[in-house]
Amino acid sequence: MAEAPLGIRFIGRFSRDQWYRTFTLIFTFLLYTTFHMSRKPISIVKAELHRNCSNVHEMMFSDNEHPLKEGPWGKGQNDTWCDWAPFNHKDYKQLLGALDYSFLGTYAIGMYFSGVIGERLPLRCYLAVGMLASGFFTALFGLGYFWKIHSLGFYIFVQLANGLVQTTGWPSVVACVGNWFGKGKRGLIMGVWNSHTSVGNIMGSLVAGAWVTKAWGWSFVVPGIIIAVMGIVCWLFLIEDPRDVDCVPPQHQEYLCDRRSNEDYFSIQNEDLDRECLIRSGSAVDLPTQDQAYGSVGTRGFESNFPTDSEVLDGVARPAKAISFLHALQIPGVIEFSLCLFFAKLVSYTFLFWLPMYISSKAHLSPKDSGNMSTLFDVGGLIGGILAGILSDYFGGRATICGAMLVVAAPMLYVYDSVGYTSTTTMISLLILCGILVNGPYSLITTAVSADLGTHKSLKGNSKALSTVTAIIDGTGSVGAALGPLLAGLISPMGWDWVFYMLMAADGFACLFLSRLIYKELNDWCGTAGVSIRLSIHPRTIASVLGRVPPNLLRTFWGPSECPKSLRKSARKNGRKSPNPDVQS
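Here the structure is a predicted model, which means the values were calculated and not measured. (Residues numbered from 1 in each chain as written. Predicted model: local features only at pLDDT ≥ 70, side-chain atom pairs only at ≥ 80, totals over all residues. Heavy atoms only, no water.)

S.K.: I'm lost on helix α6 (residues 123–146) in this one. Help?
M.R.: Given 3.6 residues to a turn, an α-helix orients residues that are three or four positions apart in the same direction. Its 24 residues place the ends of α6 35 Å apart at the C-alpha level, agreeing with the 34 Å of an ideal helix rising 1.5 Å per residue. Within two residues after α6, K148 carries a phi angle of roughly 55°, on the positive side. (Helix = DSSP H or I, 4+ residues; strand = E, 2+ residues; numbered from the N terminus. Expected span 1.5 Å × (residues − 1).)

Below you can see the structure in the form of structure tokens.
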């Protein structure tokens, strides 16, 4: 019998569950990429809505042709003939800021309700309807160009409505991914997955930049069509829960030895030690073995023996209920990370909505070139999200990794504002570096941290909290995201330096709100480091040198009652006193 082809053998190496998980991860990545693609055009088109008309005049009539007496954007030959009314006045920055605030304000308010609603409705239908509505309002903004609408009220209404319907996206996709993936290596997986933010921004910049100087309406219409089409695809293919296709759900548990892996951290390949480091879930339900969990493997339609949400609540079989808003706030860490994200997202979204215009103003580039250059910040954000996820998985401290990146980000913003536009090489390098430091914490908090808290041990296995917790954290962050671009529009007439001072202060406050969690994580590391050292040395080796170590030092190392019993016995056998005189066998 001939050997199976290489491709078929490769497919056979992965289980049915692994293929479904991979599909869900990639599919939700593509879905949310289109959300960010539809948000990016406004930042690219801003530089076209209000331009330096003297430069436009020179470019259009450098061949000594007679200038137009009536431009396509307004009547009369003046300094604003090329601008799109009503953004042709001196207060255009405030008006453009009002567009940002309209979108982000309703996005922030709606996010608090979206998560609660999403927990009570089928995620697939909820997300699909939201994507269709987002596509409609995104395209409607662009149609204002073709319909020659110059009413500020029209564009603000569209932004208000678009911000509201786009709140359906984030809680839905995070809850879906959280349903499929457990705690292990969640930082890396979600760090890679969250690169959809940067990929969507890059694609949105390129799509919008292709039409911005020709007919900027298409910069909105094309992304609107794309997200609407993906909404239909979402309704057809999204699998929101593993149990819907007879796959095994992940176990959302918190481990005492959660660093890289239990074995690696303690340097011992021992199943008994893994048992001692096992679950702190607050539930008395025993987990089934792999054979019990899979039942009749190889057949379609088997019933999974893994405990469902209704089976793990206090050991009593009753349906799990979606938690309340106040209950979600009581989960440890939710408030701290929410306030941190308020300031972290303020910085990130200020860059998202104002960076192309800043580059155009400082480096004197065209709207298309400044939009393309701004994508380097998103490239850095892609790297930063993955890097933050890897580091948080390796060290086991989400708050500490976020705090470290925020501390470095503040001075780096000052460097970028001071010398970032002196040369192309400097601009590229600093844009990527700032993207890494600014978007790394933002990415980690909105993905891995939200999923961790949404499956916290205090919930006792209830997965009906993911969407609500995600909505609270991202909703609070979105309030900062709404405030940042608005403040940038108000402060920028005083000079761009003042905008960067605001961003540096925001990074400082973001780090400050994590200080308690950082302190706790550092204390945990110090305590567990001592355990690691102790377990990696054989008791007899330690006992042989006990007589040479001062007892006070030993008490400091082990604490008043932590000296291993085996060491005390070994010490007595060798004729020495117990290393901890306060505790005798």
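S.K.: Just checking my understanding: could you explain empty space enclosed by the protein for this structure?
M.R.: One simple way to see leftover space: roll a probe sized like a water molecule over the atoms. Considering all chains together, one arrives at 7 cavities of 30 Å³ or more under this definition. Taken as a whole, the largest cavity spans an internal volume of roughly 90 Å³. What lines the largest cavity is a set of 13 residues, and nearest its centre among them are S38, R39, Q159, N162 and F220. At the level of elements, α2 (16–39), α6 and α7 (152–165) are the ones that each hand at least two residues to the lining of the largest cavity. Looking at the lining of the largest cavity residue by residue, the classes come out as 7 nonpolar, 5 polar and 1 charged. (1 Å grid on protein atoms, 1.4 Å probe; cavity = no way out; pocket = protein on both sides within 12 Å on 5 of 7 lines; lining within 4 Å. Points joined across faces, edges and corners; volume = space filled by probe spheres on them. Nonpolar A, V, L, I, M, F, W, Y, C, P; charged D, E, K, R; others polar.)

S.K.: I tried to follow the nonpolar core on my own but got confused; where do I start?
M.R.: In a soluble, globular protein the nonpolar side chains are often hidden away together inside. Residues W216, L413, Y416, L431 and L503 are the most contacted members of the largest nonpolar core, which totals 92 residues. Here this core takes 17 residues from helix α16 (residues 334–363), the largest share from any one element. Sequence-distant contacts of L413, defined by excluding residues within four places in its chain, comprise V347, F351, C434, V438, F500, L503, M504 and D507. Ranked by size, the runner-up nonpolar core spans 31 residues in total, among them L31, V177, W180 and L238. (Core = buried A, V, L, I, M, F, W, Y, C linked by side-chain atoms within 4.5 Å. Buried < 20%, exposed > 50% of the residue type's maximum accessible area, 1.4 Å probe, protein only. Contact = heavy atoms within 4.5 Å.)

S.K.: Got a minute to help me understand the packing of aromatic side chains in this structure?
M.R.: The geometry of two aromatic rings is summed up by the distance between their centres and the angle between their planes. Inspection of every chain in the model, using the stated rule, returns 34 aromatic pairs. Centre to centre, the rings of Y358 and W496 are 5.2 Å apart; their planes meet at 80°, and the pair counts as edge-to-face. Of this pair, Y358 sits in helix α16 while W496 is found in helix α21 (residues 496–513), placing the two residues 138 residues apart along the sequence. An identical accessibility class is assigned to Y358 and W496; each is buried. One aromatic cluster in this structure is built from W84, F87, F141, Y145, F146, F154, Y155, W216, W218 and F220. We note K46 situated over the ring of W354; from NZ or CZ to the ring centre the distance is 4.0 Å. (Phe/Tyr/Trp six-rings, centres within 6.5 Å; stacked < 30°, edge-to-face > 60°. Lys NZ or Arg CZ within 6 Å of the ring centre and 35° of its normal.)

S.K.: Please clarify how unusual backbone geometry should be interpreted in this entry.
M.R.: Backbone geometry follows two general trends: most residues other than glycine have a negative phi, and most peptide bonds adopt the trans configuration. Note that the residue after A85, namely P86, is joined by a cis bond; omega there is 15°. Unusually for a residue other than glycine, K148 sits at a positive phi of about 55°. Among the structural elements, K148 can be located in the loop between α6 and α7. A residue is classified by how much of its surface remains accessible, and K148, at 58% relative accessible area, is exposed. With phi around 60°, D246 is a residue other than glycine that occupies positive phi space. Structurally, D246 can be placed in the loop between α11 (218–237) and α12 (262–266). Residue D246 is classed as partly exposed on the basis of its relative accessible area of 22%.

S.K.: Where do I start with the side chain of H36 in this structure?
M.R.: Topologically, H36 is positioned in helix α2. Using a relative accessible area of 1% as the deciding quantity, one classes H36 as buried. A polar side-chain atom of H36 sits 3.1 Å from a polar atom in the side chain of N201. Ignoring any residue separated from it by four or fewer positions in sequence, one finds H36 in contact with T197, G200, N201, Y349 and Y442. (Polar contact = N/O pair within 3.5 Å; in protein donor to acceptor, adjacent residues only side chain to side chain.)

S.K.: Before we go on, may I ask you to explain the packing of α6 against α7 in this structure?
M.R.: In helix packing, the relevant descriptors are the interaxial angle and the interaxial distance, both defined with respect to the helix axes. Two elements in contact, α6 and α7, have axes whose closest approach is 9 Å; the angle formed by their N-to-C orientations is 165°. In this view, α6 runs roughly antiparallel relative to α7, as classed from their interaxial angle. At the point where α6 passes α7, the crossing takes the left-handed sense. Across the interface between the two elements, G130, A133, S134, F137, T138, L140, F141, G144 and Y145 from α6 touch F154, Y155, V158, Q159, A161, N162 and V165 from α7. In terms of residue class, the contact of α6 with α7 is built from 10 nonpolar, 6 polar and no charged. (Axes fitted to C-alpha atoms, helices over the stretch in contact; angles between N-to-C directions. Parallel < 35°, antiparallel > 145°, perpendicular 65-115°, else oblique. Left-handed = near helix turned anticlockwise from the far one by under 90°.)

Keep in mind these numbers describe shape, not what the thing actually does.
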